[in-house]
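The chain contents come next:
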Amino acid sequence: MTRFSPADLKELHDAVGEALAADEPLELVAGGSKRDLGRPMQTPRTLDLSRLSGIRSYEPSELVLTAAAATPLDEVQELLAESGQMLAFEPPEWRSLFGSPLSRPTLGGVLACNLSGPRRIKAGAARDHFLGFRAVSGRGEIFKSGGRVVKNVTGYDLSKLMAGSYGTLAALEEVSVKVLPKPEHVATVVLCGLDPAAAAQVMSRALALPHEVSAAAYLPAGSVPAAIVGIAALRLEGPAPSVAFRRERLISELSSEYESTVLEDQASAVLWRAVREVEPLAGLNERVLWRISVAPARGAEFGEAIAHSLDALWYLDWGGGLVWVAVAGAEDGGAAVIRDAIRGADGHGTGHATLIRGSAALRSGVAVFEPQTPSLAALAARVKDAFDPHHILNPGRMAERS
Amino acid sequence: MKMPTPDAAVLQRRAEIIAALRQIVPGEGVIVSETERRVYESDGLTAYRQLPMVVVLPSRVDQVAAVLSYCKEMGVKVVPRGAGTSLSGGALPLADGVLLGMAKFNRILEIDYDNRCVIAQPGVTNLALSQAVEQAGFYYAPDPSSQIACTIGGNVAENSGGVHCLKYGLTTNNILGIEIVTMDGEVIRLGGKHFDAEGYDLLGVMTGSEGLLGVVTEVTVRILPKPTAARAMLIGFAKTEDAGECVAAVIGAGIIPGGMEMMDRPAIHAAEAFVGVGYPLDVEALLIVELDGPPAEIDHLIGKVERIARDHHATAIRISRDDAERLAFWSGRKAAFPAVGRISPDYYCMDGTIPRGRLAQVLSRMRNLSETHGLGVANVFHAGDGNLHPLILYDANKPGEIERAEAFGSDILRLCVEVGGVLTGEHGVGVEKRDLMGTMFDETDLAHQQRLKCAFDPEGLLNPGKVFPQLHRCAELGRLHVHSGRLPFPDLPRF
Ligand SMILES: Cc1cc2nc3c(=O)[nH]c(=O)nc-3n(C[C@H](O)[C@H](O)[C@H](O)COP(=O)(O)OP(=O)(O)OC[C@H]3O[C@@H](n4cnc5c(N)ncnc54)[C@H](O)[C@@H]3O)c2cc1C
């Protein structure tokens, strides 16, 4: 296998152009932390983007940062922290998830996979912070889209298209993101002793209150190794007097029936890091891992239903909207049960399940990404062809024939 | 402004096309008479007018699908329209085209408080969404100034913003799902009540696509609990530079206000003359800063902002004491357009975004341009996110003034791009900025965008003549010359 490691835009352009000429598809790799996410591929060439690294411009008061696409995430976050800022979408790293604790996730990588952490419910997803980029498409051409300002509607919003395309449309060379101030103070209200139905109710109520809950998670009793009783966690962020006020209100409005504690600063950070990095399901490496997005109020019921039909452990993030499920023993990894449950008894349920971790055989046997209706799948295939007509960028990573 | 040449063959078959459309949408849903078509001849960009060949007002998704697939089969162009408040000519009709009005899709289909979302038809107005959930303490965050009239379908097509979007985002950040009908007549659902669309983010692509990719027939929006309270500050500055630096310092201090708006001297005077709420008149720039949240947070932040403002030589600071006063502070800003309409027979509203740090420089160069073009300009500015709205003052009855206003506007937008900004922050490209796209994008950039259009609408029948300066055939765009068999780049590092 030939490995290309371009150092700049021109070399990137050449590498894609040559792969196109040789008709030898490329696997795109940057930090390598999420290499096993997606359908397994067999590509004759590897395009190692990791040398496309370095922050190119950052002006804190403009709330915008521009960096080479493969700049390590930790480098970006350290620089932002110096000015009291952050990537508000709380990108997950998932290093240990794929057993590669030494890999270095990159900014372009989390954008290309559209990965967002617990603050998704308040601050939006990675895609909501992705302002613009420069890239080489599968046509071997350099193009750009978007801009370096936080508000822009000039032309189609191709940043959204790149976010979540897993490197199947273009190789990103430079990206611009919106950044935001770090909250001055953080506190997490933890309620104990909730069964799934109660958790669903508490999270719905908490998120309907004007207290700006910035993250809401639920760990059901016994269902994840760490939780002896079911616990719901609600995070508050902001200026100290505001957090103090909202914390009291939240406790008095929600938790008369439940025991509650408050985690401050570091303890709170540890909890949300765990939720973000799927630590409640850590060490279950033999299990198949699913990440499922459903309407938030359905999450708890959904988790219970899955655990009823399958040997499954689960927990909730995103106020119930994100269900993490670890399945053992099912031949299809639980795909059929999970996907039926998304549609629900009435067939009207919306959502999608992504197979995050599973053997290569499983990942080529069942759909890693949610199967689409024929018309949507055909449209998506035409979009792929528009950017990568010869299927030389990560072919087959998202869908079998593209 | 050159629009695609009308297709004589289509115009010749007008009667036949009308008859077929009447089969799909019976009764008053097909509008043919010239007087009734006049209503639709322009949108909010009134400088451009064009009678459509025929207007169709469907009320069901299957009718939309049937109209589109019929038009595709016949090679007839289609222009979607919501309330027609676009300020970039996005809904400008075509002489040989069907104008597809979505006004009859005016029902809210579901309110789901548990999942904090509302499902609405595209013709529901922006304000009606907030009103529908107000009792329960919720609202829909993006609030364009046109919110009493503009539709959520139009908002999706334009990715509209409002004065609260620095903190709460644009349309694209506040919708969860849509249903669209493509030019093939296929009905496709993207997203739903859950977070993040599956597969490629076509929901994100549709948002802001200006009616070129598909017709939106249903929208699921997120609703948010209303903040406990809000207070506004009026801060006057003797120097624009100080105002600009104050904005940067507020953000630098980690404060993201619910709204942060700026007006320049001409805009302040026009607004004060119109609403009389006591704006200071002896200042060069006026900031309105709104802070929302629990009272404890607001008090804390107002104190901080006040100190920052004083450090930046603010000459006047007022803090709203109650909600009536807060709304009064806003009334002048919200009425800025009609206020300017009173001091000038006509005005032309521009919409570029700049890096905020370049504000003083841009305003001073804009004053020079104003002299060169011999026309006045008043500025309102979403200061938090750098989105400028210069209002160019002109008189359409004076020969040559429209052309001068347009030339002035183009110069302003070129200036925005030159300092690192963009052509449009929220109003869209439409026909207005179409021919300026080349200042931001090269041919290859535009071709990548147009191929996306080809994936949705290969014949280019949906809203052609908008956004892209040149129409290319999809076959021509798709061509790719690959020199197979040889290694063209021998110097490339390989391992
Ligand atoms: C006084 C005034 C103030 C304004 N203030 C703001 C502001 O603060 N912020 C802001 O962002 N904008 C503002 N606008 C601009 C305008 O209101 C928005 O762009 C709005 O979203 C347009 O909605 P509409 O329903 O009127 O759409 P239209 O003007 O009818 O159409 C706009 C575009 O959307 C397409 N379209 C409409 N409906 C559909 C559909 N169902 N499916 C597919 N395509 C469709 C049309 O083809 C067209 O390209 C303002 C306009 C005015 C007149």
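Residues numbered from 1 in each chain as written. Chains lettered and ligands numbered in written order. Predicted model: local features only at pLDDT ≥ 70, side-chain atom pairs only at ≥ 80, totals over all residues. Heavy atoms only, no water.

## Some remarks on the overall build of chain A
Here is the rule: Secondary structure elements are taken from DSSP: a helix is a run of H or I of four residues or more, a strand is a run of E of two residues or more, and numbering for both begins at the N terminus. Our radius of gyration looks at C-alpha atoms and nothing else; its globule reference is 2.2 Å times the residue count to the power 0.38. Burial classes: relative accessible area under 20% of the type maximum marks a residue as buried, over 50% as exposed, and values in between as partly exposed (1.4 Å probe, protein chains only). Areas reported as accessible are Shrake-Rupley estimates using a 1.4 Å probe. Residue values count occlusion only from the protein chains shown. Under the convention used here, Asp and Glu are negative, Lys and Arg are positive, and both His and the chain ends fall outside the count. By convention, the point assigned to a charge is CZ for Arg, NZ for Lys, CD for Glu and CG for Asp.
When its secondary structure is counted, chain A shows twelve helices and 18 strands. In summary, chain A has a C-alpha radius of gyration of 21 Å against a globular reference of 21 Å for 402 residues, a match within 12%. With respect to the principal axes defined by its C-alpha atoms, chain A has extents near 65 × 50 × 35 Å. Relative to its 402 residues, chain A shows a buried fraction of 64%. By element, 52% of the accessible surface of chain A is carried by carbon and sulfur atoms, the whole surface being about 13400 Å². Taking the average location of the 40 positive side-chain charges in chain A and that of its 47 negative ones, the two points are 4 Å from each other.

## Focus: the state of the cysteines
Residue and element names in this part refer to chain B. Condition: What counts as a disulfide here is a pair of cysteine sulfur atoms lying within 2.5 Å.
Evaluation of the coordinates by the stated rule reveals one disulfide over all chains. Here Cys454 is linked by a disulfide to Cys474, with a sulfur-sulfur distance of 2.0 Å. Handedness of the Cys454-Cys474 disulfide follows from its S-S torsion of about -90 degrees: it is left-handed. With Cys454 in helix H17 (residues 443-456) and Cys474 in helix H18 (residues 474-478), this pair connects stretches of sequence that are 20 residues apart. Residue Cys454 is classed as buried on the basis of its relative accessible area, which comes to 12%. Here Cys349 stays unpaired: no disulfide links it, and the sulfur of Cys416, its closest cysteine neighbor, is 12 Å away.

## Comments concerning the packing of helix H9 (residues 240-252) of chain B against helix H11 (residues 295-311) of chain B
Residues and elements named next belong to chain B. The condition that has to hold: Lines are fitted to the C-alpha atoms to define the axes, a helix being fitted only along its stretch in contact, and any angle between axes, read from their N-to-C directions, falls within 0 to 180 degrees. In this scheme, a crossing is called left-handed if the near helix is turned counterclockwise away from the far one by less than a right angle; it is called right-handed if the turn is clockwise. We call two residues contacting when some pair of their heavy atoms lies within 4.5 Å.
Orientation of H9 relative to H11, taken along the N-to-C sense of each, is 145 degrees, at an axis distance of 9 Å. Crossing handedness for the pair H9 and H11: right-handed. Contacts between H9 and H11 involve Cys246, Ala249 and Val250 from the first element and Val305, Ile308 and Ala309 from the second.

## Structural notes on the pairing of strand E9 (residues 170-178) of chain A
Residues and elements named next belong to chain A. Note the threshold: A pair of strands is considered paired only if DSSP assigns at least 2 bridges between the two.
With respect to burial, E9 is a largely interior element, nine of its nine residues being buried. Two strands pair when backbone bridges link them, and strand E5 (residues 64-68) and E9 are joined in this way by five bridges, in the antiparallel orientation. Bridge pairing links Val64 to Lys178 in E9. Pairing analysis gives seven bridges linking strand E7 (residues 130-137) to E9, with the strands arranged antiparallel. From the neighbouring strand, Phe133 faces E9, where its bridge partner is Val175.

## Quick word on the pairing of strand E9 (residues 187-191) of chain B
Residues and elements named next belong to chain B. When strand E8 (residues 175-181) meets E9, the two strands line up antiparallel, connected through five bridges. If you follow Glu179 over to E9, its bridge partner there is Arg189. The antiparallel hairpin formed by E8 and E9 contains five residues in its connecting segment, where Gly185 sits at a positive phi of about 85 degrees.

## Comments concerning the sheet that holds strand E2 (residues 26-29) of chain A
All names here are of chain A. The three strands are arranged E1-E3-E2 in an open sheet whose pairing can be described as parallel. Two strands in the sheet have a free side with no partner beyond their single neighbour: strand E1 (2-4) and E2. With strand direction ignored, the average angle separating the axes of adjacent strands in the sheet is 25 degrees. Bridge count for E2 against strand E3 (residues 45-48) is four bridges, and the pairing is parallel. The residue bridging Glu27 from the neighbouring strand is Thr46, located in E3. With respect to the sheet, helix H1 (residues 9-22) is in contact with E1, E2 and E3, its orientation differing from that of E3 by roughly 165 degrees.

## So, unusual backbone geometry
The backbone of Glu212 of chain A sits at a positive phi, close to 50 degrees, despite the residue not being glycine. Examined against the element boundaries, Glu212 of chain A turns out to sit in the loop between helix H6 (196-208) and strand E12 (213-219). Not every positive phi belongs to a glycine, and His313 of chain B is a case in point at roughly 65 degrees. Following the sequence through the fold, His313 of chain B ends up in the loop between H11 and strand E15 (314-319).

## Regarding helix H10 (residues 335-343) of chain A
Residues and elements named next belong to chain A. Under the convention used in this document: Each direction from the helix axis to a C-beta atom contributes to the arc, which is the arc of those directions.
The set of residues buried in H10 consists of Ala335, Ile338, Arg339 and Ile342. The buried residues of H10 all sit within an arc of 90 degrees when viewed along its axis, so they share a single face. On the buried face of H10, the contacting elements are strand E15 (288-294), helix H9 (299-309), strand E17 (322-328) and strand E18 (351-357). Just downstream of H10 lies Gly344, where phi reads positive at about 75 degrees.

## Let's talk about the pattern of salt bridges
Here is the rule we go by: What counts as a salt bridge is simple: a side-chain nitrogen of Lys or Arg found within 4 Å of a carboxyl oxygen of Asp or Glu.
Counted under the stated rule, the structure contains 64 salt bridges over all chains. Among the charged side chains, a salt-bridge network with shared partners connects Arg56, Arg134, Arg148, Glu173 and Glu174 of chain A.

## Section: the interface of chain A and chain B
Defined as follows: Simply put, the buried area is the total loss of 1.4 Å probe accessible area from both parts when two parts are fitted together.
Between chain A and chain B, the contact holds 89 residues from the first and 104 residues from the second. For the pairing of chain A and chain B, the buried interface totals around 7800 Å² over both sides, and the portion due to carbon and sulfur atoms is 60%. For chain A, the biggest contributors to the area lost against chain B are Lys151, Val153 and Tyr156 of chain A; these three give 12% of the whole. Joining chain A to chain B, the criterion identifies seven salt bridges. Residue Asp201 of chain B is joined to Arg127 of chain A by a salt bridge in which the shortest nitrogen-to-oxygen separation is 2.8 Å.

## A word on the confidence of the model for chain B
To keep things clear, this is the line we draw: One confidence number per residue, pLDDT, is output by the predictor and ranges from 0 to 100.
The predicted model of chain B has a mean per-residue pLDDT of 95, with 98% of residues at 70 or higher. Predicted complex, confidence summary: ipTM 0.97, pTM 0.97.

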